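Examining the three-dimensional arrangement
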Amino acid sequence: MDLRELVSALNDFASPSLAESWDNVGLLVEPSPPHTVNTLFLTNDLTEEVMEEAVQKKADLVLSYHPPIFTPLKRVTWKTWKERLVVRALENRIGIYSPHTAYDAIPHGVNNWLTKGLGACTSLPLHPSTVPRSPAEGTHRVEFCADAEHLDAVLSKIKDIPEISCLTTLPARVEGEEQTRVSLNCSQKALLEVVALLSQNSLLYHKTEILLLQKPLLPHTGMGRLCTLSEPVSLSDIIERIKGHLRLPHVRVAVGAGRTLESPVKKAALCAGSGSSVLKGTEADLYLTGEMSHHDVLDAVANGISVILCEHSNTERGFLSELRDTLAIHLQNKINIVVSEKDTDPLQV
């Protein structure tokens, strides 16, 4: 496939607009066009060892779950390992694409794969995603009625306020009088100016309605998952299930206050990678993630919530095999998809 055609297909699979605002997703390194992709190479982390593997396997595009370019590069030299990744990629005409938190959010993504380690359960996003694009512009809608005497003067002043859109007027009958109903969308900043303007006329102000505009939620899409198990299972059994699913000989466990390894787990909140900010404040019997800060673990335990930590990338990497099969169908088997054999968690127990 042509690189740009493939990137479009990957964006359709998981829209970059679903990624967190702080993230750096999409096509990060692009060889000069035209660039044809015969082999797509999947990895969780793009290290130098993994890049050499991609070169040896004649990859044309590396899909690295974690973005190897996150903070801006001021130069591209041989000095630092991330700069060298870019140099090696361009020398060998290899593109680099990263989905990261877009894959966390989608219903067929990393977090849903992680839920399979719990056993039979139903799950909902902890922080649902909203529709990326919505017809409504602005954050608020303001509606008020004005008579002919005041209408032109008010509209003239409103049109001078920046960040106002969708301004419409319609005939209206209010208390038996012919008036005009004005509707407009505006930003939070513009709202303050509109309200200040309307408040100068008590008749207008008392007929003003302000609506908060919210984008609709996307079903089954968002950060983290709250899982309700079909049947309660002991913490010790959940630990064994997680170890089996992630193919790990060891995990780290903190038992919640008042709980034991035999205490039942009915609700589990999980987040692949680093889950502290996503899980915090969620009521559950168990938190499952890759890593959490020491003090966040203490908070969870004090609230009677047990914690299982598996190391950051161990909660993500196993998804790549499932991703390979899913992408093969999505891309209609047009290209060869390979999963890295050198990609491993840097920490060992």
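Residues numbered from 1 in each chain as written. Predicted model: local features only at pLDDT ≥ 70, side-chain atom pairs only at ≥ 80, totals over all residues. Heavy atoms only, no water.

What follows deals with the overall build of the protein chain. Each helix and strand in the protein chain was counted, giving twelve helices and 15 strands. Compactness check: the protein chain gives a C-alpha radius of gyration of 26 Å against a globular reference of 20 Å for 349 residues, more than 25% above the reference. Looking at the protein chain as a whole, 49% of its 349 residues qualify as buried. For the protein chain, contacts bridging at least 24 residues in sequence account for 72% of all contacts bridging at least 6. Positive and negative side-chain charges of the protein chain, numbering 33 and 43 respectively, have mean locations separated by a distance of 4 Å. (Helix = DSSP H or I, 4+ residues; strand = E, 2+ residues; numbered from the N terminus. Rg over C-alpha atoms; globule rule 2.2 N^0.38 Å. Buried < 20%, exposed > 50% of the residue type's maximum accessible area, 1.4 Å probe, protein only. Contact = heavy atoms within 4.5 Å. Lys, Arg positive; Asp, Glu negative; His and termini not counted. Charge placed at Lys NZ, Arg CZ, Asp CG, Glu CD.)

Bringing the environment of Gly-275 into the picture now. Among the structural elements, Gly-275 can be located in the loop between strand 12 (264-274) and helix 10 (276-279). C-alpha of Gly-275 to C-alpha of Gly-290: the two residues are 15 residues apart in sequence and 7.0 Å apart in space. In contact with Gly-275, not counting residues within four places along its chain, are Thr-289 and Glu-291.

Here we come to the UniProt feature "binding site: a divalent metal cation" (unreviewed entry) in the protein chain. In the numbering used here, UniProt assigns the "binding site: a divalent metal cation" (unreviewed entry) feature to His-66, Asp-104, His-312 and Glu-316. A maximum C-alpha distance of 13.4 Å places the annotated residues, which cover 251 residues in sequence, within one compact spot. Here Asp-104 is to be found in helix 4 (residues 101-105). Discounting residues that sit within four places of it in the chain, Asp-104 has contacts with Tyr-65, Val-110, Asn-111, Gly-222, Met-223 and Arg-225. In this structure the side chain of Asp-104 is engaged in a polar contact, spanning 2.4 Å, whose partner is the side chain of Tyr-65. (UniProt positions renumbered as here; feature names shortened; annotations may be inferred. Polar contact = N/O pair within 3.5 Å; in protein donor to acceptor, adjacent residues only side chain to side chain.)

Let us now look at the domain arrangement of the protein chain. Quoted interface sizes are often the accessible area lost when the parts come together. When cut into domains, the protein chain gives domain 1 (3-99 + 317-339), domain 2 (106-129 + 219-309) and domain 3 (140-212). When each unit is reduced to the centre of its C-alpha atoms, the spacing between domain 1 and domain 2 is 29 Å. Taking both sides of the interface into account, the surface hidden between domain 1 and domain 2 amounts to around 850 Å²; carbon and sulfur atoms contribute 71%. The three residues of domain 1 that bury the most area against domain 2 are Leu-18, Phe-319 and Glu-322, which together make up 55% of that side's buried surface. Applying the counting rule to domain 1 against domain 2 returns one salt bridge. Close ionic contact of Glu-322 with Lys-116 constitutes a salt bridge, the shortest N to O distance being 2.8 Å. Joining domain 1 to domain 2, the criterion identifies two residue pairs in polar contact (both at pLDDT 80 or more). A class-by-class count of the residues in the side of domain 1 that touches domain 2 yields five nonpolar, one polar and two charged. (Domains from an automatic or database assignment. Buried area = accessible area lost by both parts, 1.4 Å probe. Salt bridge = Lys/Arg side-chain N within 4 Å of Asp/Glu carboxyl O. Nonpolar A, V, L, I, M, F, W, Y, C, P; charged D, E, K, R; others polar.)

Our next topic: the sheet that holds strand 2 (residues 39-43). Judged by pairing direction, the sheet is mixed, and its five strands sit side by side in the order 1-4-3-2-15 without closing on themselves. Both edges of this open sheet fall to strand 1 (26-29) and strand 15 (336-339), since each of them pairs with a single strand only. When the angles between neighbouring strand axes are averaged without regard to direction, this sheet yields 25°. Bridge analysis of strand 1 against strand 4 (residues 95-98) gives three bridges, and the strand direction is antiparallel. Along strand 4, the bridge assignment pairs Leu-27 with Tyr-97. (Pairing = 2+ DSSP bridges. Axes fitted to C-alpha atoms, helices over the stretch in contact; angles between N-to-C directions.)

The subject of this paragraph is the packing of aromatic side chains. Any pair of aromatic rings gets described here by the distance separating the centres and the angle formed by the planes. Per the stated rule, a full pass over the model turns up three aromatic pairs. Ring geometry for Phe-13 against Tyr-103: centres 5.7 Å apart, planes inclined by 75°, an arrangement best described as edge-to-face. One end of the pair, Phe-13, is in helix 1 (residues 3-13); the other, Tyr-103, is in helix 4, with 90 residues separating them in the sequence. The exposure classification of Phe-13 matches that of Tyr-103, with both residues buried. Ring geometry for Tyr-103 versus Phe-319: centroids 6.2 Å apart, planes at 80°, classification edge-to-face. Of this pair, Tyr-103 sits in helix 4 while Phe-319 sits in helix 12 (residues 319-330), and the two are 216 residues apart along the sequence. Each member of the pair, Tyr-103 together with Phe-319, is buried. (Phe/Tyr/Trp six-rings, centres within 6.5 Å; stacked < 30°, edge-to-face > 60°.)

With the rule as written, the count across this model stands at 18 salt bridges. We note a salt bridge from Lys-57 to Glu-341, for which the minimum N-O separation is 3.6 Å. With Lys-57 in the loop between helix 2 (48-56) and strand 3 (61-64) and Glu-341 in the segment after strand 15, this residue pair connects regions lying 284 residues apart in the sequence. By relative accessible area, which is 30% here, Lys-57 ends up partly exposed. Where salt bridges share partners, they join Asp-45, Arg-317 and Asp-343 into one cluster.

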